[in-house]
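As a plain string of letters, each chain reads:
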There are 2 protein chains.
Amino acid sequence: MLQIDASASEPIYMQIYKQLKSDIIQGLLPAYSKLPSKRKLSAQLSISVNTVELAYSQLISEGFIYAKPKKGYFVCQIGQLSVLSHAAPPLFQTAPKKQPPVLIDFALDGVDGCAFPYAHWRKLFRNVFDCSNDILRPSPIEGEPALKEAISAHIYMTRGVVSTPEQIVVGAGTEQLLQLLHQLLSKDCTIAMENPVYNQAYAVFKQLNRAVLFIDIDEQGIQLEPLQNIHSAAVYVTPSHQFPLGVTMPIRRRIGILNWANKSPHRYIIEDDYDSQFKYDTKPIPALKSSDATGKVIYLGSFSRSIAPCFRISYMVLPPKLIAVYQKQYQPFNCPVSKTEQLILADFIKNGNYETHLNRMRKLYRDKREFLKQQLLEAFSKDITIYGENAGQHILLKMHKNVSETELCKKAYEKGVQVYPLSPYFSGTMPKKYDAMVLLGYAPLSLEQMQKGVSLLKLAWS
Amino acid sequence: MLQIDASASEPIYMQIYKQLKSDIIQGLLPAYSKLPSKRKLSAQLSISVNTVELAYSQLISEGFIYAKPKKGYFVCQIGQLSVLSHAAPPLFQTAPKKQPPVLIDFALDGVDGCAFPYAHWRKLFRNVFDCSNDILRPSPIEGEPALKEAISAHIYMTRGVVSTPEQIVVGAGTEQLLQLLHQLLSKDCTIAMENPVYNQAYAVFKQLNRAVLFIDIDEQGIQLEPLQNIHSAAVYVTPSHQFPLGVTMPIRRRIGILNWANKSPHRYIIEDDYDSQFKYDTKPIPALKSSDATGKVIYLGSFSRSIAPCFRISYMVLPPKLIAVYQKQYQPFNCPVSKTEQLILADFIKNGNYETHLNRMRKLYRDKREFLKQQLLEAFSKDITIYGENAGQHILLKMHKNVSETELCKKAYEKGVQVYPLSPYFSGTMPKKYDAMVLLGYAPLSLEQMQKGVSLLKLAWS
């Protein structure tokens, strides 16, 4: 017997629908039993036929009842009911997140949050995000043509990289592009990586179960000897500013690695030019890709450090051979990057704003780096040596005391300062010469924060 | 002999740097040869020592020369020069893109570009994109907490899906989330898919070389019989509105598939609820996930159809077992979705704007659908039957004439109208009963465009 409450806020048809549904689920209305006709039920409840019609339609479309022409409405055979009990929130254990009392975090990623041209970016958004632009359509898989043109021109001007816009693939961060490369490179292609390595890049290949060969670096970067007998390989390198050690690969090693790649059609070089924009003592070192006359270098660039990591826009320049594979495999997909942000960025680059921004940031980071160096040398004088400070957004600090990396980090942490160990970047045991070294990033910190950080480090490490 | 042009716009140190570099590359300055001292060169060229210093520093940092303390500057051994010739743009063949003269495209994706709340979105952008928000930092890998909360509340209210925000993973489109699922599901887990299937989903698994088992659908959706003996499988289904046929899975089949999944810990259901917001004849059908009491359903949702495909924001609700795998594997990565757009969307949902927008769009698309149906029935009357029109953003048209799907598409195309064949969604041969059927999407088209499209179709198909 249906109960209707005409004063309830819930529409009457919903009340009927819910009661019948519940009766069917509980078996009170068994399969194949006949429901009252619409006319009969409407008379019985003193409601309109339309209201009953609405309730029955909903039950039909969900498969609880069916209509037999000229016979009326019947309950469906819906099967075992046990699993239909209303789903309770499944038991779920969140790992308790530690919230360390970090006062100063010398984080390795991030940018200066105050120096960003917010107002200008908002203006570009207003210009781009408009009804007239077809802005709601997705981008083609390889990225917006305007952005690809802007990137192609920009990397030619600033990094000496010659490319056509067709060779450029826009991706949602370097991780996504490396996943894509994993798909494009043949299964038997070994990924060789620098040891120590940028561990987010390694994490991608590890997570994909790709075999990775680690090769130690020396003072010129990755060593070439271990590569010689590998027929099919792609070598992931950071020649402008090795991560994390900060080594710049000199011309000799560059020629060596290009010669190695040229010896087999199955050899590639993956150049991750992640922070090349920031070179402080000299002009930027040209990209390895700029010396690649034969299409052996896959060039990866990103705006995470030069603009901000929140946008997740990276790109790569694919050699013609791989672009052909890519176009064949990826035709059905959409570009994972927001179209709006691609178009804003294209404008930002084309109007020269990006160049201006880079120049500003380079000066800002140079000043920060100088300040941090001074502060550290004042605090620790000859007890420390600083490495890799001529580029990028972090420094490497070596403590000349009988202390472990772990102790350095732990003691700093106890004073509320986060510095970063070097050993997680190594595959296998870290060579002894890298003992007692930690990484300090400075891009997001103000001078005051760095000053405070260093004074806390002095307390921690003395 | 160095040539200096003091009147050139290029700084003198760059002129020196370039000439020395070129001489070294060409072998005119052989390895180990000594360069003039800074003092000597500066006197010789009548320039400052600092200028020479700048040029030498750049050459040192690129590895062309080296300094020996108290001995001076020497040319490095840089190796074989052949590959160093300036990289020419590699030969690159773009596939010539056909530009068909399409006047009216009954595209299956896309949204109504005029009904979008542009001004409101711009306002949300202004609010979110601000210095004070830490907006430049990347999002945690699983997405912005504010967005995950908003989604969790929204899918409970509108789809009956019970979840905690921790179970929600935000991704850059359904494709990316399916790639991620491929990683989370064990290697021996078979992916079972509906036949016909949403082919962008299939393309993901195909491209990843995942074994896919196709199972024909009947009038209730995917058939369960072929699944019974598969121990480890994840079944990809679109129960609210099967793509492309438009079938709604009734409660009986839903119970059947849940029971199937409950029989083994290695069985999952992937519910792609891609366009459930748009149901025209009744209230929306609750999600299959809403009946999942045991954590067997992986629920996928997207804003591509309900807001716009340009944003590339999708999400999934992972069962607790998979969330644990996910948290372990993906800790090192960043979320591929723009932080700004995540926060805008979170606001849009929380403020109730999304609900309002959906209601508006539902009405708009209902009107468009009705109009298109009317136009088609007027033009073709009993020659056609229309299917799957009660939901989604496309209809399925069956032509009752002795004509093939290919001919229908080809004839339409010749008149400047794009309609879409059904057969590409099938694995293997399409059953005969689906002959002479085509898909027509209507979301992005205006009434005038649809009218014109149908009149052209009438010319084409008569």
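Scroll up to find the structure.
Residues numbered from 1 in each chain as written. Chains lettered and ligands numbered in written order. Predicted model: local features only at pLDDT ≥ 70, side-chain atom pairs only at ≥ 80, totals over all residues. Heavy atoms only, no water.

S.K.: Teacher, can you tell me more about the interface of chain B and chain A here?
M.R.: Interfaces are often sized by the accessible area lost when the parts come together. Contact with chain B, which involves 99 residues of that partner, is made by 98 residues of chain A. Here chain B packs against chain A, burying approximately 8500 Å² in sum over the two surfaces, 63% of which is carbon and sulfur. Applying the counting criterion to the chain B and chain A interface returns 2 salt bridges. Close ionic contact of R137 of chain B with D109 of chain A constitutes a salt bridge, the shortest N to O distance being 3.9 Å. Inspection of the chain B/chain A interface yields 28 residue pairs in polar contact (both at pLDDT 80 or more). Taken together, the elements giving at least two residues each to the side of chain B that touches chain A come down to α1 (12–25), α3 (49–61), α4 (118–128), α6 (174–184), α7 (199–207), α8 (251–262), α9 (320–330) and α10 (339–350) of chain B. Tallying contributions element by element places α8 of chain B first for the side of chain B that touches chain A, with 6 residues. Of the residues that constitute the side of chain B that touches chain A, the class distribution is 49 nonpolar, 30 polar and 20 charged. (Contact = heavy atoms within 4.5 Å. Buried area = accessible area lost by both parts, 1.4 Å probe. Salt bridge = Lys/Arg side-chain N within 4 Å of Asp/Glu carboxyl O. Polar contact = N/O pair within 3.5 Å; in protein donor to acceptor, adjacent residues only side chain to side chain. Helix = DSSP H or I, 4+ residues; strand = E, 2+ residues; numbered from the N terminus. Nonpolar A, V, L, I, M, F, W, Y, C, P; charged D, E, K, R; others polar.)

S.K.: Would you mind showing me how to read the relation of the copies chain B and chain A here?
M.R.: Copy one and copy two of the chain differ by a rotation about an axis and a translation along that axis. The transform that puts chain B on chain A rotates by 180° and translates by 0.0 Å along the axis, for an RMSD of 0.0 Å. Read as a symmetry element, the transformation amounts to a two-fold axis. (Least-squares fit on C-alpha atoms with pLDDT ≥ 70 in both.)

S.K.: It is not clear to me how the nonpolar core should be interpreted in this structure. Could you clarify?
M.R.: Generally speaking, a soluble globular protein has its nonpolar side chains buried in company with each other. Within the largest apolar cluster, 144 residues are counted, with the highest numbers of intra-cluster contacts made by L376 and W461 of chain A together with L376 and W461 of chain B. What W461 of chain A contacts, discounting residues up to four positions off in sequence, is F380, L397, M399, K401, L408, K411, A412, V419 and V438 of chain A. Grouped together as the second largest cluster of nonpolar side chains are 124 residues, V204, F205 and M430 of chain A together with V204 of chain B included. (Core = buried A, V, L, I, M, F, W, Y, C linked by side-chain atoms within 4.5 Å. Buried < 20%, exposed > 50% of the residue type's maximum accessible area, 1.4 Å probe, protein only.)

S.K.: For this particular structure, what's the right way to read the sheet that holds strand β16 (residues 437–441) of chain A?
M.R.: Adjacent strands of a sheet pair through backbone hydrogen bonds, lying either parallel or antiparallel. Residue and element names in this part refer to chain A. Taken in spatial order, the 4 strands make up an open sheet running β12-β13-β16-β15, and their pairing is antiparallel. The open sheet has two free edges, formed respectively by β12 (384–387) and β15 (420–421), since each of these has just one partner strand. In terms of strand pairing, β15 meets β16 through 2 bridges, oriented antiparallel. Within β16, the residue paired with Y420 across the bridge is L439. (Pairing = 2+ DSSP bridges.)

S.K.: What is the right way to look at the side chain of R253 of chain B in this model?
M.R.: All names here are of chain B. Tracing the backbone shows R253 in helix α8. The class of R253 is buried, set by a relative accessible area of 12%. Reaching out from R253, the side chain makes a polar contact with the backbone oxygen of I222 at a distance of 2.6 Å. With sequence-adjacent residues up to four places away left out, R253 is seen in contact with D218, Q220, G221, I222, Q223 and L224.

S.K.: How should the pattern of salt bridges be read in this particular structure?
M.R.: Pairing is possible between side chains of opposite charge, provided their charged atoms come close. Residue and element names in this part refer to chain B. For the structure on display, the rule yields 28 salt bridges over all chains. Between K368 and D112 there is a salt bridge, and its shortest N-O distance comes to 2.6 Å. Residue K368 is found in helix α11 (residues 353–380), and its partner D112 is found in the loop between β3 (104–105) and α4; the two are separated by 256 residues along the sequence. With a relative accessible area of 4%, K368 lands in the buried category.

S.K.: What is the right way to look at the pairing of strand β1 (residues 65–68) of chain B in this model?
M.R.: For a regular strand, side-chain orientation follows a simple rule: the groups alternate between the two sheet faces. Looking at chain direction, β1 of chain B and strand β2 (residues 72–75) of chain B are connected through 4 bridges and run antiparallel. Opposite I65 of chain B, over in β2 of chain B, you have V75 of chain B as the bridge partner.

S.K.: For this particular structure, what's the right way to read the sheet that holds strand β11 (residues 314–317) of chain A?
M.R.: All names here are of chain A. Strand order in the open sheet formed by 8 strands is β4-β11-β10-β9-β8-β5-β6-β7, with mixed pairing between adjacent strands. The open sheet is flanked by β4 (168–171) and β7 (221–222), the only strands paired with a single partner. In this structure, strand β6 (residues 212–218) lies alongside β7, joined through 2 bridges in antiparallel fashion. Of the residues in β7, the one forming a bridge with D218 is G221.

Note that every value here comes from positions in space, so none of it alone points to a role or purpose.
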